[in-house]
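Breakdown of the fold
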Amino acid sequence: MKTSVLVTGGAGYIGSHTLVEFLAAGYHPIVLDNFCNSSPGVLRRVEALTGRSVTWREGDVRDASVLDALFSLAREQGAPVECVVHFAGLKAVGESVAKPLDYYDNNVYGSIVLLQAMERAQVRRIVFSSSATVYGEPRSLPYTEDHPLAPTNPYGRTKAMVEAMLADWCAADPGRTAVNLRYFNPIGAHASGQIGESPRGTPNNLFPYITQVAIGKREKLLVFGNDYPTPDGTGVRDYLHVSDLADGHVKAVEYARRARPGCFAFNLGTGRGTSVLELVKAFESTTGRTVPYEILGRRPGDVAQMWADPSAANELLGWRASRSIEDMCRDGWRWQSQNPDGYV
Ligand code: NAD
Ligand code: UDP
C-alpha cells in the first residue's frame, strides 16, 4: 500500500522540490496550498518532471474543513495520511516586523488548526519547517540543536513558538512524533531547470538577487556590510542545495515512522560557511557571468556568521548534504536562465 503524506505549502520553493523527492521515493503526496506565494503551474511542472500526477487542493491551512476533507480523501483512497509535512507559512523577516499579526496568524494559528485536524483524523506524525533563525545571535558556532533559542524577529518567534507547541503536543500523547527541521540557507534549483525559486518583487535573499543581476533584471548586487569579523568582512551563511534539503524531508518522514515517538530537532545544513563575496565568486566562475556589486552598510538584524553542526541529522536521519556550492550555482543559474520570469 502506498504511504500518503499531506504536504502543506507543497507548491512553494522547498515544497515543490520535496514533492519530486517524495514521488521518487514512492510516496503519495497530497498538497494543500493557498497559492499566496506560488501558483498551480508549479505542480504541473512537478508532474511533467516526474511523470506522475500530483493530488492537490487549493485551500488555506487555517481552514479546518479543507483539512478534514483531505484526510478523509486519503482514507477513502485506501492510503490514510501517515505523516504531515508542514511548509505552509509566511517567511519574510522584514515583513514580519511590519506585520507581526499576519505572521502569528498564518504560522502559529495555522499550525494549531492543522494539529487539531490531525487529532480528529488520528494522524500522529508531523515534520515541521523550522529555521536556523530560531537560534538568534550565536553564543557559539557551529550551532548545535541544544543552542538556546532566542529569535530576534517575529518570524523567528513564530517558528520557536510552533516548536514549543509541538513539544507540548507530543508530551500530551506518548504516540505522537514531531520532527522540527531547522533549515540553514537553501539555494539553487532542481538540476533539470524545470522548478526553482520564483520570488515575487525584489528578492529579500542573496542568491535570487545574484541570479537576477546575472540575467540583467537588476543592475548590481547590494552587499550588506564588509566590516564583519569574517575572513573577507562580508556575512557568512551555511548554503545548502534545495534538492539536498528536499531529500532531508524524505529522511525525516522515514525517521518519524521508525523512531520511538517524541519531539526532535535537526539542523539541516552542510556544516560549512560561505561569505557573500565567496558566493559571488563561485557563481561567476561556475556560470561565466559577471555580477557587479556595491558595498553598502550592514542590514539591520543580520548576524555576522552562522553555520550548522549537521551531525545529528547525519547520524540519526542518515542524511547528508552532498551537493557543492558550484552545483548550487550551476543549477540555480540553469533555472534562472531558462525561466527568466520565473513561473509566469
Ligand atoms: P514559499 O513561500 O515558497 O512556500 C510556502 C508555500 O506555502 C507557498 O506555496 C504558499 O503559497 C503556501 N502558503 C502560505 N501560507 C499558506 C496557508 N495559510 N495555507 C496554505 N498554503 C499557504 O517558502 P519556502 O521557501 O518554500 O519555505 C517553506 C517553509 O520553510 C516555510 O515555512 C518557511 O518559513 C520555511 N523556511 C524557509 C527557508 C528558506 O530560506 N526558504 C529557511 C528556513 C525555513
Ligand atoms: N545579503 C546581501 N545582499 C542582499 C541580500 C543578502 O549582502 O541583497 C547578505 C546578508 O546580509 C547575509 C547573506 O547575504 O549576510 C545572506 O542573506 P539572506 O537574506 O539570503 O539569508 P539570511 O540572512 O536570512 O540568512
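Report follows, based on the coordinates.

Thoughts on the sheet that holds strand β3 (residues 55-58)
Here seven strands make up an open sheet; going across it, the order is β3-β2-β1-β4-β5-β6-β11 and the pairing parallel. Each having just a single partner strand, β3 and β11 (262-268) make up the two edges of the open sheet. The sheet shows a mean angle of 20° between the axes of neighbouring strands, direction not considered. Where strand β1 (residues 4-8) meets strand β2 (residues 28-33), five bridges bridge the pair, whose relative direction is parallel. Of the residues in β2, the one forming a bridge with Val 7 is Val 31. Running over the sheet, helix α6 (residues 154-171) touches β5 (125-131), β6 (177-183) and β11 and is turned about 155° from β5.

Observations regarding the site of ligand 1
Around ligand 1, the surrounding shell holds 27 residues, and the nearest of these are Asp 33, Asn 37, Ser 38, Phe 87 and Tyr 155. Here Val 61 contributes a backbone N or O atom positioned 3.0 Å from a nitrogen atom of ligand 1. Take Lys 159: an N or O atom from its side chain is 2.9 Å from an oxygen atom of ligand 1. Broken down by secondary-structure element, the contributors of at least two residues to the shell around ligand 1 are α1 (13-24), β5 and α6. Take the shell around ligand 1: its biggest share by element is three residues, from β5.

Quick notes on the pairing of β3
Looking at chain direction, β2 and β3 are connected through four bridges and run parallel. What sits directly across from Asp 33, in β3, is Glu 58. Taking the sense of rotation as the criterion, the β-α-β connection linking β2, helix α2 (residues 40-50) and β3 turns out right-handed.

The rules behind the values
- Residues numbered from 1 in each chain as written.
- Chains lettered and ligands numbered in written order.
- Predicted model: local features only at pLDDT ≥ 70, side-chain atom pairs only at ≥ 80, totals over all residues.
- Heavy atoms only, no water.
- Pairing = 2+ DSSP bridges.
- Helix = DSSP H or I, 4+ residues; strand = E, 2+ residues; numbered from the N terminus.
- Axes fitted to C-alpha atoms, helices over the stretch in contact; angles between N-to-C directions.
- Contact = heavy atoms within 4.5 Å.
- Near = heavy atom within 4 Å.
- Polar contact = N/O pair within 3.5 Å; in protein donor to acceptor, adjacent residues only side chain to side chain.
- Right-handed = clockwise from strand over helix to strand, strands pointing away.

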